[in-house]
Amino acid sequence: MDPKTSNNKHLLLVDDDRLVLVTLAKGLSDKGYKTTTANSVDDAEIVLSSGERPDLVIIDVNMPGKNGLYLAKRLHSLDHVPFIFLSAYNDQSIVERAAEYGALGYLIKPIDSTQLIPTIEAALARANEIERLKNTERDLQTALYNERLIR
């Protein structure tokens, strides 16, 4: 196990391609990540509604039914769960929408778990940084509010 990734970070993998799911889940589990898989957006929503909060979601863009962009928008606006995209397509408009929804990465398939790890680690670090900034902002807002009450 790689000491950098043996931190048991929980990843939710969402892809309609069963082979991709099994291959990535196995490879990432072997590297120390806890993985949960979902083969549709609906399945991912079931996982999320169960109270399980992954550290990062890895989403395929194109899936039957609700697509990955739908899930990304939900993750960003409702659950505040960080995510990256995997796609077989390098469509600039999709990349722009992914960024607009808060994606911390966008990778083109095929990709194996070893190639994915640097992006996962960078996304997790960025998500932690964003969370720290939000906490600092909240603390500053509280301090400002309290200062105004004192005056």
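These numbers were taken from a predicted model, which means no experiment stands behind them.

Peer 1: Please clarify how the packing of aromatic side chains should be interpreted in this entry.
Peer 2: On inspection of all chains with the given rule, the structure shows two aromatic pairs. Seen from their ring centres, Phe83 and Phe85 are 5.7 Å apart, and the 80° between their planes marks the pair as edge-to-face. With relative accessibility at 0%, the residue Phe85 sits in the buried group. Among the aromatic residues, ring-to-ring pairing joins Phe83, Phe85 and Tyr106 into one connected group.

Peer 1: I tried to follow the pattern of salt bridges on my own but got confused; where do I start?
Peer 2: Side chains that carry opposite charge are capable of pairing whenever their charged atoms lie near each other. All told, the structure shown has eight salt bridges when counted by the stated rule. The residue Glu45 makes a salt bridge to Lys66 at a minimum N-O spacing of 3.3 Å. With Glu45 in helix H2 (residues 41-49) and Lys66 in the loop between strand S3 (56-60) and helix H3 (68-79), this pair connects stretches of sequence that are 21 residues apart. The partner of Lys109 in a salt bridge is Asp60, and the shortest N-O contact between them spans 3.3 Å. Of the two residues, Lys109 sits in the loop between strand S5 (106-108) and helix H5 (113-150) while Asp60 sits in strand S3, which places them 49 residues apart along the sequence.

Peer 1: Would you mind going over the pairing of S3 with me for this structure?
Peer 2: Remark: a regular strand shows side chains that alternate across the two faces of the sheet. Burial analysis of S3 places five of its five residues in the buried class, the great majority of the element. Along S3, one buried face is formed by Leu56, Ile58 and Asp60 and the opposite face, lined by Val57 and Ile59, is buried too. Summarising the sheet, strand S1 (residues 10-14) and S3 pair through four bridges and their orientation is parallel. From the neighbouring strand, Leu12 faces S3, where its bridge partner is Val57.

The rules behind these values
Residues numbered from 1 in each chain as written. Predicted model: local features only at pLDDT ≥ 70, side-chain atom pairs only at ≥ 80, totals over all residues. Heavy atoms only, no water. Phe/Tyr/Trp six-rings, centres within 6.5 Å; stacked < 30°, edge-to-face > 60°. Buried < 20%, exposed > 50% of the residue type's maximum accessible area, 1.4 Å probe, protein only. Salt bridge = Lys/Arg side-chain N within 4 Å of Asp/Glu carboxyl O. Helix = DSSP H or I, 4+ residues; strand = E, 2+ residues; numbered from the N terminus. Pairing = 2+ DSSP bridges.

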